[in-house]
Amino acid sequence: MTQMFDDDSNAEDRQAVVLDADGRPVGGDEETSLVDVVQEIPDNIFIVPVHEPILFPGMTLPLVFAEGMARSAMEHAAEQSHVVGFLPWLEQDEEWREDTPLNLARLSRVGVLARLLRTLNLPDGNKSFLVACTSRFTIVRLVRPQPPPVARVEHIIESLVEGPEFEGTWRAAKQTLRELVNEIPNLPEQFSMAAVNIEGPSQLTDFVGAHLDLKREQRLALLAELDIARRLRLVVELLVTELEMVRLASRIRDEIRQKVEKAQKEYYLREQLKAIRKELGEEVDQREMALKEMREKIAAQKYPDRTMKRIEEEMRRFEVLSPDSPEHAVVRNYLDWLTDLPWSRQTEDNKDIVRAHKILDEDHYGLEEVKKRILEYLAVRKLKPGVQGAILCFAGPPGVGKTSLGQSIARALDRKFFRFSLGGMRDEAEVKGHRRTYIGAMPGKILQGLKYVDVRNPVFMLDEIDKLGSDWRGDPSSAMLEVLDPEQNSGFLDHYLDVPFDLSHVMFICTANVKANIPPPLLDRMEIIDLPGYIVEEKVEIAARYLLPRQRERHGLRTNQLQLAKRTIGPLISGWTAEAGVRELERKIGQICRKVAAGVAAGKIKKARITGKTLPDYLGPVEYTSEVLRRPLIPGVTVGLAWTPVGGQIMFIEGSRSPGKGVFRVTGQLGAVMEESTSIALSYVRAHADEFQVQIDQLERSDIHVHFPAGAVPKDGPSAGIAITTCLVSLLGWKGKGRKIKRRLAMTGEMTLRGDVMPVGGIREKMLGAKRAGVREIILPAENRRNVEQIPKHIVKGLTFHYAEHYSDVFRIAFPSMKAPAPGRRTKRKAGAKRTVKKKRT
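The shown structure was predicted, so the numbers you read here are calculated from the model rather than taken from an experiment. (Residues numbered from 1 in each chain as written. Predicted model: local features only at pLDDT ≥ 70, side-chain atom pairs only at ≥ 80, totals over all residues. Heavy atoms only, no water.)

Turning our eyes to something else, we now look at the packing of aromatic side chains. Scanning the model with the defined rule gives 14 aromatic pairs in all. For the pair Trp 343 and Phe 501, a centre-to-centre distance of 4.8 Å together with 55° between the ring planes defines the contact as tilted. Of this pair, Trp 343 sits in the loop between helix 9 (326-340) and helix 10 (353-363) while Phe 501 sits in strand 13 (residues 500-501), and the two are 158 residues apart along the sequence. Classification of Phe 501 as buried rests on a relative accessible area of 2%. Geometrically, the ring pair formed by Phe 418 and Tyr 452 is tilted, given 5.8 Å between the ring centres and 55° between the ring planes. Of this pair, Phe 418 sits in strand 10 (residues 417-421) while Tyr 452 sits in helix 14 (residues 445-453), and the two are 34 residues apart along the sequence. Accessibility expressed as a relative area gives 16% for Phe 418, which makes it buried. A connected cluster of aromatic rings, assembled from ring pairs, spans Tyr 684, Phe 692, Trp 734, Tyr 807, Phe 811 and Phe 815. It is Arg 436 that lies over the ring of Tyr 334; its NZ or CZ is 3.7 Å from the centre. (Phe/Tyr/Trp six-rings, centres within 6.5 Å; stacked < 30°, edge-to-face > 60°. Helix = DSSP H or I, 4+ residues; strand = E, 2+ residues; numbered from the N terminus. Buried < 20%, exposed > 50% of the residue type's maximum accessible area, 1.4 Å probe, protein only. Lys NZ or Arg CZ within 6 Å of the ring centre and 35° of its normal.)

In structure tokens form, the structure reads like this:
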């Protein structure tokens, strides 16, 4: 807050400033005698250096001096001329040593003349001088430098400056000073009157310098400035700065006052409320009420011995802690978690296997193998309830019903269901909690989920477990090992709880899209149940039974207002969706429902019957067409089969030849394994050039380019080996004329340098992708026959499978009119040992 002096001419009411021999403030405050002195101001006067206060013309105040040279100069002036000149030291720590000549270089060049009005002896030996400052002066020459110093001075006579700029500055100074006086609270009335009644610019600048709480350097600058215009502008800057500071301080003071008043008001009202309740006999001790509530929660369920011991320890701490203690909230929160977790509360399982089968059939169409495995799992739990079964993991592309299967299992068992997504989790504290030493610590998501369902045996779904991350904060996949291990999770230790919790009663179900992304130690603790993509017939049934009724209900449509026959759903699936699941299909049905609902609401449609011809009116042009039927095959083009996280699909492989220097180039954003497959294919074709009628000399004068379309999509894996080899044979064989492969034929399989066809994965998904694309025949490795036999017959209906052990089998099927080379024969230029066929080729 800005401090200002009270400009009171009554010297007796002012507190004196005690100065020592060097003009430093010391002390002294009582009067003993008064001496009146009045004389004219001479040209030669005594000089008194001072540190504080810095005097300005117009000031009348008592100065108290202790024994020393400054007091000696004041006494000489009182005895002779009654006039003294005060010069402030330039530096705060300057000293005036005894018998040392006065050095004017260490003093301000401008001082203040003062008339000595009265002197006063004080009881402590000090002496008070009442002075009235009259005007500024400068020293012409030093008459006597030895103490007490005497100097010839020049009186500064100030004159007013004419002009609009000076007048504007003068008015701004007066206005700013008035605003400052109004902003400062509790100012004496005399001070306000003195500030308002200032008559001239010089008086205003001296008033500000004398009474405003300025830095010493600013006061020295105001005293030394002899140009009234510059001094007035400097004062305006100081006043504006001080006004802003006063307003800021006032605003802060008001905010604090409001907070304090609000707190005092609330405290007062609470005390009144307590007094009223006491008079009515309703007074309740909050601390006792909290303790009573906690004891009731503890008595509500049974706890393991170790947990009960920890609760008793924390209760003893809680009973002695004051509610105002910061530790009180920490202990209360910990006790709440200990008592809220379901240590013994659980639901009774429904062990009716027939009912479970019925619920699975109601909620999901198809997936017979998956349902069979789930029912076996439930049957074992029925026969031996205490057995620690395996952790199930549903693996498959998005939209095939992994999460909904978990919900159906919970409904079949009459258990509560909790879903927790692990996608993107990077902090192991999300699983095992934070230690209690951290502010805001809490248990991990596992115990949070159990508190939410309030039973210890829910169906707990850990979604997207293949998308767990890890960084410097920890590895959550490692933390999940304890959760998903039936041999360990009976004593799961959360960092926050710090007591074991039994998770063996929880039925954990995990979901994943890509099994390869699951860490091997975690994958080893789970039983994988693969959920392959749906074929078109299954999607039609799912849309008719589940998706269409659900979308009708969501859009407020009745059955007679929207009719979508099964024969129309098939073209919808093949023309507007390309997925393994049914999410995009449901979105397309929702799009149809929205347009029909808009027409019904506008009164334009009463009954909508969707047919294959009217589908483009609701969904736009056809988005997907069959790759095989759309692209005519030419020499150098083959069709492979690829696995993707969203299902299988066909993949074209294109080859071209141009005159060059034997450069072999591969494009299509391929991985290292797939690039190796292309090198193996080229080496095999070169080694068997005579058998495929490939001209080596022509090959060395040509550049070969193999491209895999959809170049923006990364591709990798060895399963395109036989397809790449067939592409090169189709392009380069028969003396460079080439041959087209069989129509509607696709193939998959890894190939070695000797021509052996090795097994590959993702067979079911590839079969589904091939069938959607219109493929009729598929070449597979012979060892993948068992995978095909596990696929339901209705899924592979319409597909013909050819099984190959060697590339000669692939050649015979892809080019049926050509003679296949012997599997073990080498060209004369590449002579070697013959290969012995151990198995009969199919």
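From this point on, the discussion continues.
A contiguous patch of negative charge, built from Glu 91, Asp 93, Glu 95 and Glu 217, is present on the exposed surface. Among the residues examined, Glu 217 registers a relative accessible area of 59% and is labelled exposed. (Patch = residues over 30% accessible without salt bridge, like charges linked within 9 Å, V, L, I, M, F, W, Y side chains within 5 Å. Areas by Shrake-Rupley, 256 points an atom, 1.4 Å probe, with all protein chains shown as cover. Salt bridge = Lys/Arg side-chain N within 4 Å of Asp/Glu carboxyl O. Lys, Arg positive; Asp, Glu negative; His and termini not counted. Charge placed at Lys NZ, Arg CZ, Asp CG, Glu CD.)

Taken as a whole, the second largest pocket spans an internal volume of roughly 600 Å³. In terms of lining residues, the second largest pocket is bounded by 25 residues, among which Gly 399, Gly 401, Ser 404, Arg 550 and Val 582 are the most central. Elements with a minimum of two residues in the lining of the second largest pocket: helix 10, helix 12 (402-413), helix 17 (536-554) and helix 19 (583-602). Here the lining of the second largest pocket takes five residues from helix 17, the largest share from any one element. When the residues that make up the lining of the second largest pocket are grouped by side-chain class, the tally is eight nonpolar, eight polar and nine charged. (1 Å grid on protein atoms, 1.4 Å probe; cavity = no way out; pocket = protein on both sides within 12 Å on 5 of 7 lines; lining within 4 Å. Points joined across faces, edges and corners; volume = space filled by probe spheres on them. Nonpolar A, V, L, I, M, F, W, Y, C, P; charged D, E, K, R; others polar.)

Most of strand 5 (residues 83-88) is tucked away: six of the six residues are buried. Residues Val 83, Gly 85 and Leu 87 point to one face of strand 5 and Val 84, Phe 86 and Pro 88 to the other, with burial holding for every one of them. Pairing between strand 3 (residues 44-50) and strand 5: five bridges, direction parallel. Following the sheet pairing, Phe 46 is matched in strand 5 by Val 84. In this sheet, strand 6 (residues 110-121) lies alongside strand 5 in antiparallel orientation, the contact comprising four bridges. Opposite Gly 85, over in strand 6, you have Leu 113 as the bridge partner. (Pairing = 2+ DSSP bridges.)

Ile 778 and Phe 801 are the most contacted members of the largest nonpolar core, which has 64 residues in total. Tallying contributions element by element places helix 24 (residues 721-732) first for this core, with eight residues. With sequence-adjacent residues up to four places away left out, Phe 801 is seen in contact with Met 767, Ile 778, Leu 780, Val 788 and Val 796. (Core = buried A, V, L, I, M, F, W, Y, C linked by side-chain atoms within 4.5 Å. Contact = heavy atoms within 4.5 Å.)

Counted by the stated rule, this structure contains 48 salt bridges. A salt bridge links Glu 167 to Arg 171; the shortest N-O distance between them is 3.2 Å. On the criterion of helical spacing, the pair formed by Glu 167 and Arg 171 is a turn pair, its members being four residues apart in helix 2 (residues 164-183). Using a relative accessible area of 55% as the deciding quantity, one classes Arg 171 as exposed. For Glu 584, the salt bridge identified is with Lys 588, shortest N-O distance 3.8 Å. Taken together, the residues Glu 584 and Lys 588, both in helix 19 and four residues apart, mark about one turn of the helix. For Glu 584, a relative accessible area of 23% translates into the label partly exposed. Looking at Lys 588, the relative accessible area reads 8%, which means it is buried. The structure contains a network of salt bridges with shared partners spanning Glu 293, Lys 297, Arg 332, Asp 336, Asp 340 and Lys 451.

With ten of eleven residues buried, helix 4 (residues 201-211) lies mostly within the body of the structure. Looking at helix 4, one finds that the buried residues are Pro 201, Ser 202, Leu 204, Thr 205, Asp 206, Phe 207, Val 208, Gly 209, Ala 210 and His 211.

This part covers the pairing of strand 14 (residues 507-512). Where burial is concerned, most of strand 14 is hidden: six out of the six residues are buried. Along strand 14, one buried face is formed by Met 507, Ile 509 and Thr 511 and the opposite face, lined by Phe 508, Cys 510 and Ala 512, is buried too. Where strand 11 (residues 459-463) and strand 14 come together, four bridges link them in parallel fashion. Note that in strand 14 the partner of Met 461 across the bridge is Ile 509.

Time to look at unusual backbone geometry. For residues other than glycine, phi is negative in most cases, and the peptide bonds are mostly trans. The omega angle of the peptide bond from Glu 52 to Pro 53 is -5°, so this bond is cis rather than trans. Tracing the chain through its elements places Pro 53 in the loop between strand 3 and strand 4 (60-65). Phi angles above zero are rare outside glycine, and Gln 693 is one such case at about 55°. Although it is not a glycine, Ala 710 adopts a positive phi angle of roughly 65°. The residue Ala 710 is located in the loop between strand 21 (702-707) and helix 24 in this model. For Ala 710, a relative accessible area of 47% puts it in the partly exposed group.

Sheet strands pair via backbone hydrogen bonds, and the direction of the pair is either parallel or antiparallel. Taken in spatial order, the five strands of this open sheet run 10-11-14-9-15, and their pairing is parallel. What marks the edges here is a single partner per strand, and that holds for strand 10 and strand 15 (526-530). For this sheet the average axis-to-axis angle between neighbouring strands, irrespective of direction, equals 25°. Pairing of strand 9 (residues 391-395) with strand 14, which is carried by four bridges, proceeds in the parallel orientation. Looking across to strand 14, one finds that Cys 393 is bridged to Cys 510. (Axes fitted to C-alpha atoms, helices over the stretch in contact; angles between N-to-C directions.)

Moving on, we get to the packing of helix 10 against helix 12. For the pair helix 10 and helix 12, the least separation of the axes is 9 Å and the interaxial angle reads 150°. Classified by the interaxial angle, the pair formed by helix 10 and helix 12 is roughly antiparallel. The two elements helix 10 and helix 12 meet at a crossing, and its hand is right-handed. Two secondary-structure elements touch here, helix 10 through Arg 355, Ala 356, Ile 359, Leu 360, Glu 362 and Asp 363 and helix 12 through Leu 405, Ser 408, Arg 411 and Ala 412. Each residue belonging to the contact of helix 10 with helix 12 can be placed in one class, and the counts come to five nonpolar, one polar and four charged. (Parallel < 35°, antiparallel > 145°, perpendicular 65-115°, else oblique. Left-handed = near helix turned anticlockwise from the far one by under 90°.)

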